[in-house]
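Architecture and fold: a report
Read off the chains here:
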Amino acid sequence: MGVPGPVPVARRALYARYPFLPGAQSALGGLSPTSIELAGGPVHEIARALGRERVLWALRPSAAETPVQGIGQADDGARILSFQYAALLVSLLPGTAPARRWARVEASALEATLTDPSTSPEEVAWLAEGLGEEVAPERGPRGEEQWPMPLARYLTWAPPVKERAFRLVHQPLRHGSISLPRERFARLLGERLLETLEDRLPLALEPGLKETLLSLEAPFLREALARLPAREGPRSGPVDPGRFPPCMSALKEGLARGEHVGHLGRFALASFLHKVGMDPEGIVDAFRGAPDFNEAITRYQVDQIRRHDGGEGYTPPECATMITAGLCRRERDDSRARLCADPTLLRHPLNYYRRRREGRRPSPAAGKEAGGAPARSAAPGTPP
Ligand code: SF4
């Protein structure tokens with residue numbers, strides 16, 4: 001086997017922009033440290049500082065809109081290693097939600113880079129190849145940049161993207177291939193990265209490395225934990241959509257079909273999903289089908305709902321409010337609607353969920369267990 005030659009500087013700069021690609025670490029050649037060297041070596045302090053910043057950046061409420069401080073000034077090696085270090089750090093945090101959030105923010109950042117006009121088509125093609133899609137851009141009838149993708153590949157890549165614009169029915173199909181504008185191709189590449197990172201994270205850290213990191217990064221971990229929403233993750237077991245009341249199922253299904261849902265309906269669904277323990281990524285995902293879906297706005301508004309009252313979060317509207325707003329679906333021809341038959345017994349959608357989980361029918365006291373809705377709050381996916 002031949003010894004690999006030095007990686008050209010231009011190639012290393014590309015890996016610094018896309019440090020998650022296979023080959024990024026080997027682009028450092030003999031300078032590539034082991035994880036334990038990266039955790040403790042004095043020469044890697046800049047990489048570690050940037051790695052911490054990457055994670056803290058992801059834990060901010062409007063993370064996708066804020067660039068990591070100092071990343072542009074660091075040398076290529078530090079930028080590549082900062083990503084590896086952030087992956088180690090995020091694996092130290094409890095649960096899977098912080099890792100998922102970090103992965104989502106890195107994927108959003110990739111999407112922003114790829115849609116930036118200063119990123120050349122050659123660079124997009126190189127990145128796509130690194131993520132497993134060999135593609136060359138073409139020119140459309142009006143000279144616009146297009147990215148062809150075989151239908152079979154599109155069907156594999158597109159399912160995680162629930163937005164209306166990605167549905168197969170809206171795609172022009174020619175000779176078994178779909179042509180995507182740059183921004184939609186970038187979206188698919190972002191999803192591809194997200195899937196890759198979610199498969200990889202959290203990392204299984206060897207005991208020696210974990211102890212070293214826990215000891216060296218104690219101040220960082222304290223800060224990161226303080227930034228985690230108070231109720232990150234499920235509160236009482238996994239979320240079970242089979243136990244959602246008819247009103248919430250109808251809202252969720254309507255959004256998935258691309259139907260317009262008004263402010264109160266969006267607020268009701270987001271606050272309900274939060275209260276039953278869905279993590280923020282899952283809540284944002286529930287809104288992806290909305291015709292006016294905007295990821296940054298949705299993420300911000302979901303955060304507002306979750307952080308209300310010191311992290312307690314807003315309570316969804318009670319049944320009476322849902323009925324007045326025309327959002328109640330107790331008339332639905334569905335055996336599940338039987339629990340709602342008498343609104344004097346069931347006064348709150350959260351009690352429906354609790355009763356179904358406990359396998360009990362709602363009691364007369366059920367309506368007193370959950371509070372009412374605020375007069376007005378942010379509703380996800382609604383542009384301000
Ligand atoms: S009665 Fe309450 S829980 Fe049942 S569908 Fe109507 S609003 Fe929802």
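Presented here is an overview of the structure given in this document. (Residues numbered from 1 in each chain as written. Predicted model: local features only at pLDDT ≥ 70, side-chain atom pairs only at ≥ 80, totals over all residues.)

From N to C terminus, the chain includes 16 helices and four strands. Sorting the 384 residues of the chain into buried and exposed places 39% on the buried side. (Helix = DSSP H or I, 4+ residues; strand = E, 2+ residues; numbered from the N terminus. Buried ≥ 20, exposed ≤ 12 C-beta atoms within 10 Å, placed from the backbone.)

When strand β1 (residues 138-139) meets strand β2 (residues 145-150), the two strands line up antiparallel, connected through two bridges. Each residue of the ladder has a partner; that of arginine 139, found in β2, is glutamate 145. Between β1 and β2, which follow one another and run antiparallel, lie five residues, and glycine 143 among them has a positive phi close to 85 degrees. Of the strand pairs in this sheet, β2 and strand β4 (residues 177-181) are connected by five bridges, and their pairing is antiparallel. Each residue of the ladder has a partner; that of tryptophan 147, found in β4, is leucine 180. (Pairing = 2+ DSSP bridges.)

Among the 13 residues in the neighbourhood of the ligand, the closest are listed as Pro245, Cys247, Cys319, Cys328 and Cys340. Among the secondary structure elements, those contributing two or more residues to the shell around the ligand are α11 (246-256), α15 (319-324) and α16 (349-358). (Near = placed C-beta within 6 Å.)

Moving on to the nonpolar core. Nonpolar side chains in soluble globular proteins generally cluster together in the buried interior. Tyr15, Val55, Ala86, Val90, Trp102 and Leu189 are the most contacted members of the largest nonpolar core, which totals 54 residues. Per element, the largest residue contribution to this core is 10 residues, and it comes from helix α4 (residues 76-90). Each of domain 1 (9-95 + 202-227) and domain 2 (116-193) contributes no fewer than three residues to this core. Not counting residues up to four positions away in its chain, the partners in contact with valine 55 are Ala86, Leu89, Val90, Trp102 and Ala224. Formed by 34 residues, the second largest nonpolar core is a distinct cluster that contains Ala270, Phe272, Phe287 and Leu339. (Core = buried A, V, L, I, M, F, W, Y, C linked by C-beta atoms within 7 Å. Domains from an automatic or database assignment. Contact = placed C-beta atoms within 7 Å.)

As a further point, take the packing of helix α5 (residues 97-115) against helix α8 (residues 182-200). Contact pair α5 / α8: the axes reach a minimum separation of 8 Å and the direction vectors enclose 155 degrees. Relative to α8, the element α5 is oriented roughly antiparallel. Judged by the twist between their axes, the crossing of α5 over α8 is right-handed. Note on element contacts: α8 touches α5 through Arg182, Glu183, Ala186, Arg187, Leu189, Gly190, Glu191, Leu193, Leu194, Leu197 and Glu198, opposite Arg100, Ala103, Arg104, Glu106, Ala107, Ser108, Leu110, Glu111, Leu114 and Thr115. Grouping the amino acids of the contact of α5 with α8 by side-chain chemistry returns nine nonpolar, three polar and nine charged. (Axes fitted to C-alpha atoms, helices over the stretch in contact; angles between N-to-C directions. Parallel < 35°, antiparallel > 145°, perpendicular 65-115°, else oblique. Left-handed = near helix turned anticlockwise from the far one by under 90°. Nonpolar A, V, L, I, M, F, W, Y, C, P; charged D, E, K, R; others polar.)

When a strand is regular, its side chains alternate between the sheet's two faces. Here β4 shows one buried face, formed by Ile178 and Leu180, and one open face, formed by Ser177, Ser179 and Pro181. Two strands pair when backbone bridges link them, and strand β3 (residues 173-174) and β4 are joined in this way by two bridges, in the antiparallel orientation. Counterpart to leucine 173 in the pairing with β4 is isoleucine 178.

Judged by pairing direction, the sheet is antiparallel, and its four strands sit side by side in the order β1-β2-β4-β3 without closing on themselves. Because the sheet does not close on itself, it has two edges, and the strands there are β1 and β3. The sheet strands contacting α8 are β2 and β4, and the helix crosses β4 at an angle near 105 degrees.

The subject of this paragraph is unusual backbone geometry. In this model, leucine 201 is joined to proline 202 through a cis peptide bond whose omega is -10 degrees. Of note, proline 202 is situated in the loop between α8 and α9 (207-216).

For helix α6 (residues 121-130), the set of buried residues is Val124, Leu127 and Ala128. Along α6, the residues classed as buried sweep out an arc of 100 degrees about the axis, all on the same side. Those residues of α6 hidden inside the fold are in contact with α5 and α8. Immediately downstream of α6, the backbone of glycine 132 shows phi near 100 degrees, a positive value. (Arc of directions from axis to C-beta.)

Quick look at the environment of isoleucine 297 now. Relative to the assigned elements, isoleucine 297 resides in helix α14 (residues 295-311). Judged by the 18 C-beta atoms lying within 10 Å of it, isoleucine 297 is partly exposed. Through-space distance from the C-alpha of isoleucine 297 to that of valine 284 is 9.9 Å; in sequence the pair is 13 residues apart.

Where α11 meets helix α12 (residues 263-275), the closest approach of the two axes is 10 Å, and the angle between their N-to-C directions is 110 degrees. As the angle between them shows, α11 and α12 are arranged roughly perpendicular. Between α11 and α12, the contacting residues are Met248, Leu251 and Lys252 on the first element and Gly265, Ala268, Leu269 and Phe272 on the second.

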